[in-house]
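Descriptive analysis of the structure
Chain residues, written in single-letter form:
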Amino acid sequence: MDAKEDIKSKLALEDVAAEYIELKRAGRNFKALSPFSNEKSPSFMVSPEKQIWHDFSSGKGGDMFSLVMELEGLDFKGALEQLARKAGVDLSQYQSGQSADFSKQKNRLYECIESAARFYQVQFSKHRGALEYILKKRQYSKEIALLFRIGYSPNSGGALAEHLLKKGFSEDEIKRSGLGSNRYGRMNDMFRGRIMVPLMDAQGRVVGFTARLLKDDPNAPKYINTPQTVLYDKGRHVFGLHLAKDSIRKQKFVVAVEGNLDVIASHQANVANVVATAGTAMTEMHLKELARFTEDIRLAFDQDQAGLNATERSIPLASKVNVSLRIITVPEGKDPDELIKKDPQLWQAALEDYQYAIDWLMDQYAKKHDTSTGDGKKAFTDAILPVVAKLEDNVEKEHYLDQISQKIGISKDALIAKLEQQKPEYKPRKKPIKAQKVTRVEAEATKAQNQLLALCLTQKDLRTVLTPLTPEMFDNTPSEIMFLLIKKLADKSPEIIIQKSAAEQNSADYGKMLLLLYEELYAGLEYVELQSEVARLQVRVIEQFVKAKKAELAAAMRLAKEDDEHSLLEKVKELDLLLRTAKETMRERQS
């Protein structure tokens, strides 16, 4: 991973954009007024899932680096340095050849921890006690055990360390992977006598482990996790996301549970849109990671004080991230794993029995405090008003003040007075925007080129319209490269073309931006409408090119000698013929 990708892994594009412009949720994306033009309707879009922005008014778009470059008037180096400071990334480790070394070291850690996962799986397959615990006591199928790559760590001092050393990994690599430590002059395993559940990132790469004691011991913790490493960050990692993300998109909601084994049990019950955080410690980064796939996040935490506290902490974070947080009450006070063992249908039914988070929280505090007494009303408002105070949306805040007023019989004015006593959170002012406005001619040219390429990238049958076009008709490197690749790989899928584009210009951002553009403008159109639109755009790109070239030729003719005038006039005629032919072809297609 290079410096750019490391920064991207630590920052969210929507957070970077929100420092400059006011974003508002629009389905899976965010919208805002364009900083590049004077518009009244928002056309600037940010996709959290793709981590791409696109401004429909100017045709500009890209990743967080291009955004900062545009809005701050910086070159790439300046944007890199600014975002590195924000992300807490030390750029020095990527300088003077260190970048390649750091990337190589990181890949070695991935290889080391993957080798450990395979070792644990082999040990699991040989250990009778571990097999009985998973297959009989936990009642997981062999298929589920394989899907989650469940393993077992031998109850000996350094079996894994010895295995990894024989594989060529160094003691330093074993320690930096969180797999062992040096004690009493020898390398010892971090995990011993435990069921091993690999922790995988969103791409399915192993980054760490959750380890459960096979035989309970009052002197040892039941669960331990890999410590913080270069690969594993407890505050960011979402367990099971690599297996859940397709189901989350399909079901349009995600369920977050406390335990990794709850996730495994849910898969056993054919409910795959379930993930886990580290206990109940839901962080802003967890919510942002999930918000890439859905706005509907449902918590199924234990119904105890810890679960109540976790929900209370999560509500303002959800409001800040702009997602809808709901609470699932698991019947009979059980955790999901227990409920599924009793009857998988009960778990599936529970997923649809949810409350909006603040409504749920109010009900819980109403049970704890007697709101018919003055003391109870004070305790109730002491608990709930700080949560309401942190809500980002004023309409939502107003709604809950009304609800509290009705629930406990206290005037809204009294609640507002108490609310105002809450210490307000500091909100930084928006950064000044230094972006230059785009001329109408420039914007129209870029928009036509991007829209034409978006249609041809996503629809193979439309790619023939690119035949009469040439690379010089596209005004920047990414669009020119994409044009050439679509023509060259005319029978290939969009994914293959984007991969090839990424290889050629070291970025897949332009291809992702075109996909976002297609989704927003064309996804709902019939094929015949797409044909008409692509023909119109072909003519528009040619027309813009012809107009620009004729302006150049006119300037050249004013300075040309008589002998050169004839050749310049011939070029003008060729341009006119090119445009006339394109328009005639468009009319034939539309008739």
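Residues numbered from 1 in each chain as written. Predicted model: local features only at pLDDT ≥ 70, side-chain atom pairs only at ≥ 80, totals over all residues. Heavy atoms only, no water.

1. As for the overall build of the protein
Tallying secondary structure elements over the protein gives 25 helices and 16 strands in all. Here the protein, with 591 residues, has 48% of them falling under the buried criterion. The long-range share in the protein, meaning contacts at least 24 apart out of those at least 6 apart in sequence, stands at 66%. Per element, the accessible surface of the protein, about 29,200 Å² overall, is 49% carbon and sulfur. Between the centroid of the 89 positive side chains of the protein and the centroid of its 86 negative side chains there is a distance of 3 Å. (Helix = DSSP H or I, 4+ residues; strand = E, 2+ residues; numbered from the N terminus. Buried < 20%, exposed > 50% of the residue type's maximum accessible area, 1.4 Å probe, protein only. Contact = heavy atoms within 4.5 Å. Areas by Shrake-Rupley, 256 points an atom, 1.4 Å probe, with all protein chains shown as cover. Lys, Arg positive; Asp, Glu negative; His and termini not counted. Charge placed at Lys NZ, Arg CZ, Asp CG, Glu CD.)

2. Here's the deal with unusual backbone geometry
With a phi angle near 70 degrees, lysine 252 is a residue other than glycine that sits in the positive phi range. Within the element layout of this structure, lysine 252 appears in the loop between helix H10 (241–251) and strand E12 (254–257). You can call lysine 252 exposed: its relative accessible area is 60%. Unlike most non-glycine residues, asparagine 322 shows phi in positive territory, near 70 degrees. Here asparagine 322 lies in the loop between helix H13 (305–321) and strand E15 (324–328). We classify asparagine 322 as partly exposed; its relative accessible area is 33%.

3. Digging into the nonpolar core
Core analysis: the biggest nonpolar cluster contains 58 residues, and Tyr120, Ile150, Leu179, Phe209, Val255 and Trp347 have the highest contact counts within it. Here this core takes nine residues from helix H5 (residues 98–126), the largest share from any one element. Excluding residues within four positions of it along the chain, isoleucine 150 makes contact with Gln121, Phe124, Ile134, Tyr140, Ala145, Ile195, Met196, Pro198 and Ile264. In this structure, Met282, Ile297, Met362 and Leu391 belong to the second largest nonpolar core, which totals 43 residues. (Core = buried A, V, L, I, M, F, W, Y, C linked by side-chain atoms within 4.5 Å.)

4. Topic: the sheet that holds strand E13 (residues 274–276)
In space, the five strands of this open sheet follow the order E13-E12-E14-E15-E16, with mixed pairing throughout. In the strand order of this sheet, the two ends are held by E13 and strand E16 (354–356), each with one partner. For this sheet, the mean inter-axis angle between neighbouring strands, taken without regard to orientation, is 35 degrees. Inspection of the sheet shows E15 paired to E16 by three bridges, in the antiparallel sense. Within E16, the position partnered with isoleucine 328 by the bridge is tyrosine 354. (Pairing = 2+ DSSP bridges. Axes fitted to C-alpha atoms, helices over the stretch in contact; angles between N-to-C directions.)

5. Focus: the packing of helix H20 (residues 440–458) against helix H21 (residues 477–488)
Packing of H20 against H21 leaves a shortest axis separation of 11 Å and a crossing angle of 30 degrees. Judged by the angle between their axes, H20 and H21 are roughly parallel. For the element pair H20 and H21, the recorded crossing hand is left-handed. The residues of H21 that touch H20, namely those facing Gln449, Leu453, Cys456 and Leu457, are Ser479, Met482, Phe483 and Ile486. (Parallel < 35°, antiparallel > 145°, perpendicular 65-115°, else oblique. Left-handed = near helix turned anticlockwise from the far one by under 90°.)

6. Comments concerning the side chain of glutamine 544
Counting through the fold element by element, glutamine 544 comes out in helix H24 (residues 527–559). Discounting chain neighbours no more than four positions away, the residues touching glutamine 544 are Glu444, Ala445 and Ala448.

7. Digging into the packing of helix H16 (residues 357–368) against helix H18 (residues 394–408)
Packing of H16 against H18 leaves a shortest axis separation of 12 Å and a crossing angle of 25 degrees. As summarised for this structure, H16 and H18 are arranged roughly parallel, according to the angle between their axes. Crossing of H16 against H18: the hand is right-handed. Residues Ile358, Asp359, Met362, Asp363 and Ala366 of H16 lie in contact with H18, whose contacting residues are Glu396, Tyr400, Gln403, Ile404 and Lys407. In terms of residue class, the contact of H16 with H18 is made up of five nonpolar, one polar and four charged. (Nonpolar A, V, L, I, M, F, W, Y, C, P; charged D, E, K, R; others polar.)

8. Considerations on the confidence of the model for the protein
Looking at the protein, pLDDT values average 85 and 90% of them are 70 or higher. Ranking the elements of the protein by mean pLDDT puts helix H25 (residues 562–590) last, at 65, and strand E6 (residues 151–153) first, at 96. (pLDDT = per-residue confidence, 0-100.)

9. Digging into the pairing of strand E8 (residues 186–189)
Alignment of strand E7 (residues 180–183) against E8, held across four bridges, turns out to be antiparallel. For arginine 183, the partnering residue across the bridge sits in E8 and is arginine 186. Hairpin connection between E7 and E8: a loop of two residues separates the two successive antiparallel strands, and tyrosine 184 in this loop has a positive phi of roughly 55 degrees.

10. Focus on the pattern of salt bridges
Opposite charge on two side chains allows them to pair when their charged atoms are near. Enumeration over the complete set of coordinates arrives at 36 salt bridges. The residue lysine 341 makes a salt bridge to aspartate 337 at a minimum N-O spacing of 3.0 Å. Linking lysine 341 with aspartate 337, this pair stays in helix H14 (residues 336–342), spanning four residues, or about one helical turn. Classification of aspartate 337 as buried rests on a relative accessible area of 4%. In the salt-bridge network here, residues are joined through shared partners; they are Lys4, Lys8, Asp63 and Asp509. (Salt bridge = Lys/Arg side-chain N within 4 Å of Asp/Glu carboxyl O.)

11. Thoughts on helix H1 (residues 3–10)
For H1, every residue scored as buried is listed here: Ala3, Asp6 and Ile7. Summarising the axial view, the buried residues of H1 lie within an arc of 100 degrees, below the 170-degree limit, and thus occupy one face. (Arc of directions from axis to C-beta.)

12. Notes on H16
Taking 1.5 Å per residue as the helical rise, H16 with its 12 residues ought to reach 16 Å, and the 17 Å between its terminal C-alpha atoms agrees with that figure. Among the residues making up H16, those that are buried are Ala357, Ile358, Trp360, Leu361, Met362, Gln364 and Tyr365. Of the surrounding elements, those touching the buried residues of H16 are H13, E15, E16, helix H17 (374–389) and H18. (Expected span 1.5 Å × (residues − 1).)

13. Focus on the side chain of aspartate 262
With respect to the secondary-structure elements, aspartate 262 resides in helix H11 (residues 260–268). One buried charge, aspartate 262, has no salt-bridge partner; the nearest side chain with opposite charge is arginine 138, at 5.9 Å. Setting aside its immediate chain neighbours within four residues, aspartate 262 contacts Val257, Asp335, Pro336 and Asp337.

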